[in-house]
Amino acid sequence: MGKFFILNNLQVKSTVKKLLQNRVLFLLLLIFIIFLFAGIAYDTFVTENNIKTVISNMSIDAIVTIGMMILLISGVFDLSVGSVLGFSAAINAVLIERAGFNPVLSIIIAVVSCICIGIFNGVVIAKIGVNHLIVGLAMLGVVRGVVMLIVGAGITRLPDSFLVIADSSFLKWKLPIWYLVIIAAIFSILLRKTVFFRRYYYIGGNEKAAALSGINVVTMRVISYAISAGLAGISGIFLSSRLAAAIPTLGSGLELRAITACILGGASLNGGYGNVLGAVLGTLFMGLINNLMIVSRASISWQRIVISGILLLAVTLDAVIKKSGVD
Amino acid sequence: MDSNTNVNTSITRRILQSRSAFLGIIIVALSIAASFIFDAFSTMLNLKSFLLNLSCNSIVAIGMMILLISGAFDLSVGSVFGLAGCIAGNLMFYHQANWILSVFIALIVCIGIGALNGTLISKVGVDPLVATLAMMGLVRGFALIIGGTGIIGLPDGFLKIADSKLLHMRIPIWYMIVIIIIFTFLVSKVVFFRKYYYIGVNEKAANLTGINVVKMRIISFMIASGLAAVAGIILTSRLTVALSSSGEGLELRVITACILGGASLSGGKGSVMGAVMGTIFVALINNLMIIAKVGSYWQSVVIGSILLIAVTADAVLNKSRAE
């Protein structure tokens, strides 16, 4: 009897461990708990309108987070994505409003210039060998400054043909949600199935071994920075279309939110871990917490406390589990 | 001829490598040039306000520098900076506490946050970036709750902390000078603090030689948070208001100053003087741009570009040396 109990206890322990280690399941469980309790406590939480708002609000953040996740899988990150998002909105708005460009052309120019920023970051980091945190930090300031110089107090009066991008609905869902679904599906397949993208896990796990086995780590890293900046650029277009304006602070602070969402979704700063679903669920979870705070009329300050507290708890548990595994 | 150029390049290299000397030369050169161009620059008033403004930042930068030397950093210092003022302000205004007691409690709480950071990072093994990123949000949230929309009407005793003069200079400047002298001495002469260089270069080797790395790291995080709290209290006293948003973005500004001052994120490099020089340099650039009436938007472009150029030059130099 006693022996059985011990065995059972061990099994329970290992199940809990597995659940905590599989961050996607863990997040799903947390999201389910939020729905259960918030649904009972507040009438306004589980309504079609509210859920749609939460998802369409988080969809633009989630696109940036997917790019950040690819970087984190390969063991680096990019602090400049928030500024790059603002940059793409700014360039696009200036070209449309002041230079009278066709929206399609200006969007292409904006996204391509963002990809160029990403390539620059990647070259400085991977080719020259500067620490990625410092490069991100410097570019965060430089690009944000340029954004402020370009848009000044902000540009409104964007044409309807541009606002359509985020304002239309398809099957009763706002378009940004569909953009997210498409982008998440594409990158999910790429990261799961294609050899090229699987290499990012290898690079994140052991960069030197990856380089020795013939992977061109420098090129791979430059491409991952280009993808991340490109996704940030696309998000900037969507966001400015939804807000019908390009404001100088657009996307500021996003870089840390995106990293937080990725870590919650199972990424590790040492690289080698994470997937697209984790990035999306991490962002959704943060969006739900924010929404819950608004619905429950808690002070706005509690949002940061709750999200940061959960992040701290998650990484601490991770570290404890890893240590107990080693011992 | 050949040896001559070799000597020349080695001297330029050495100056480039001793970042505080290099920055010192640039700061002096810039100041001389600026005093010829702008009448407003070399006035006593500008110099004093310049020093006063950088006093709080440089105190925080010294704490960050010690962390960077040991190969870690702390993103929560800006939030701790804000929290210290809010706790002290809240206790004095809403609870009519004695100002000395309030300041004391604020400092203790902030040093406790540093101890928690250090424990999580070195004992539990959480990545410093994630741990302090989470702590940054957590502490800022509490600062917002404690400080609300701002607390004014602080007692005179508290306001005296920053509002006195000594030898024609506002007292925060003296705090800065005293803290610089203490930590320069500690970091360059005292064995205990020299160990941080060792930990930064090779943590495992340091551990194997019997250095208690966990304890050392916890202490360094406590020092960083403590100095941030001291600076926060000084600023609150100077502004005569406890703002819950004060210190926002400070962590990245301070890391920028330290990196410019010769620190490396991989640890083992840097000095207190470097942290101070880096802070002075950033402040000087900002001051010059204000006097030259350049739009304030340019500040982040210029500082960011200088940071990028400095680290890229560093990496290129390191690579060419390795080859």
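Residues numbered from 1 in each chain as written. Chains lettered and ligands numbered in written order. Predicted model: local features only at pLDDT ≥ 70, side-chain atom pairs only at ≥ 80, totals over all residues.

Take the overall build of chain A next. Along chain A, the regular secondary structure elements total 14 helices and 2 strands. Taken against the 2.2 N^0.38 rule, which gives 20 Å for 327 residues, the C-alpha radius of gyration of chain A at 21 Å falls within 12% of a compact globule. When its C-alpha atoms are laid out on the principal axes, chain A stretches across 80 × 60 × 35 Å. Taking as baseline every contact in chain A between residues at least 6 positions apart, the subset at least 24 positions apart corresponds to 78%. (Helix = DSSP H or I, 4+ residues; strand = E, 2+ residues; numbered from the N terminus. Rg over C-alpha atoms; globule rule 2.2 N^0.38 Å. Contact = placed C-beta atoms within 7 Å.)

Moving on, we come to the overall build of chain B. From N to C terminus, chain B includes 14 helices and 2 strands. Taken over the C-alpha trace, chain B has a radius of gyration of 20 Å; the compact-globule value for 323 residues is 20 Å, and the two agree within 12%. By principal-axis analysis of the C-alpha atoms, chain B measures approximately 75 × 60 × 35 Å. By residue count, 48% of the 323 residues in chain B fall in the buried class. Within chain B, contacts between residues separated by at least 24 positions form 77% of all contacts whose residues are at least 6 apart in sequence. (Buried ≥ 20, exposed ≤ 12 C-beta atoms within 10 Å, placed from the backbone.)

This part takes up the interface of chain B and chain A. Contacts between the two partners involve 37 residues from chain B, matched on the other side by 39 residues from chain A. Elements with a minimum of two residues in the side of chain B that touches chain A: α5 (99–124), α6 (128–147), α12 (250–260) and α14 (297–322) of chain B. Sort the elements by how many residues they give to the side of chain B that touches chain A and α14(B) lands first, with 14 residues. Along the lines of polarity and charge, the residues of the side of chain B that touches chain A split into 26 nonpolar, 8 polar and 3 charged. (Nonpolar A, V, L, I, M, F, W, Y, C, P; charged D, E, K, R; others polar.)

For the rest of this paragraph, the subject is helix α9 (residues 195–205) of chain A. Residues and elements named next belong to chain A. Three or more residues of α9 are buried, namely Phe197, Tyr200, Ile203 and Gly204. Buried residues in α9, looked at end-on, bunch into an arc of 95°, giving them a common side. Elements that come into contact with the buried residues of α9 comprise α3 (48–73), α8 (175–193), α10 (207–212) and α11 (217–243). (Arc of directions from axis to C-beta.)

Right, let's talk about the packing of helix α5 (residues 103–128) of chain A against helix α6 (residues 132–151) of chain A for a bit. Residues and elements named next belong to chain A. Viewed as axis vectors pointing N to C, α5 and α6 meet at an angle of 145°, and their least axial separation amounts to 10 Å. Once α5 is placed against α6, the crossing between them reads as right-handed. Contact residues: Ile117, Asn121, Val124 and Ile125 in α5; His132, Val135, Met139 and Val143 in α6. Considered class by class, the residues forming the contact of α5 with α6 number 6 nonpolar, 2 polar and no charged. (Axes fitted to C-alpha atoms, helices over the stretch in contact; angles between N-to-C directions. Left-handed = near helix turned anticlockwise from the far one by under 90°.)

It is worth spelling out the nonpolar core at this point. All names here are of chain B. Residues Val60, Met64, Met65 and Cys258 are the most contacted members of the largest nonpolar core, which totals 203 residues. Here the element with the most residues in this core is helix α11 (residues 213–239); it accounts for 14 residues. Apart from residues lying up to four places away in sequence, Cys258 is in contact with Ala61, Met64, Met65, Leu68, Ala263, Gly270, Ala275 and Gly278. (Core = buried A, V, L, I, M, F, W, Y, C linked by C-beta atoms within 7 Å.)

Our next topic: the environment of A:Ala41. Residues and elements named next belong to chain A. Its place among the elements puts Ala41 in helix α2 (residues 23–41). By the C-beta count within 10 Å, which is 11 here, Ala41 ends up exposed. Linking Ala41 and Ser296, residues 255 residues apart in sequence, is a C-alpha distance of 8.8 Å.

This next bit is on helix α4 (residues 81–97) of chain A. Because an α-helix packs 3.6 residues into every turn, residues spaced three or four apart end up facing the same way. Relative to the 24 Å expected for 17 residues at 1.5 Å per residue, α4(A) spans 24 Å between its end C-alpha atoms, a close match to the ideal helical length. With 14 of its 17 residues buried, α4(A) lies for the most part within the structure. (Expected span 1.5 Å × (residues − 1).)

Residue and element names in this part refer to chain B. At Gln96, a residue that is not glycine, the phi angle is positive and equals roughly 50°. For Gln96, a count of 9 C-beta atoms within 10 Å corresponds to the exposed category. At Thr240, a residue that is not glycine, the phi angle is positive and equals roughly 55°. With respect to the helices, strands and loops of the structure, Thr240 is situated in the loop between α11 and α12.

Once that is clear, we can look at the confidence of the model for chain A. All names here are of chain A. Per-residue confidence for chain A gives a mean pLDDT of 85; residues scoring 70 or more make up 93%. The lowest-confidence element of chain A is helix α1 (residues 2–21), averaging 59 in pLDDT; the highest-confidence one is α11, averaging 93. Confidence drops under pLDDT 50 across residues 1–5; counting only partners more than four residues distant or on other chains, this segment forms 0 contacts. (pLDDT = per-residue confidence, 0-100.)

So, about the packing of helix α9 (residues 191–201) of chain B against α11(B). Residue and element names in this part refer to chain B. In the contact formed by α9 and α11, the axes pass within 11 Å of each other and the chain directions differ by 110°. The angle between α9 and α11 places the two elements in the roughly perpendicular class. Crossing angle aside, the handedness with which α9 passes α11 is left-handed. Contact with α9, carried on its side by Lys195, Tyr196 and Ile199, involves Val213, Met216 and Ser220 of α11 and no other residues of that element. Taken together, the residues of the contact of α9 with α11 sort by class into 4 nonpolar, 1 polar and 1 charged. (Parallel < 35°, antiparallel > 145°, perpendicular 65-115°, else oblique.)

Okay, the environment of B:Gly278 next. All names here are of chain B. In this fold, Gly278 is placed in helix α13 (residues 272–291). In this structure, the C-alpha to C-alpha distance between Gly278 and Val316, residues 38 residues apart in sequence, is 21 Å. Each residue touching Gly278, except ones within four places of it in the same chain, is listed here: Leu23, Ala61, Ala257, Cys258, Leu260 and Gly261.

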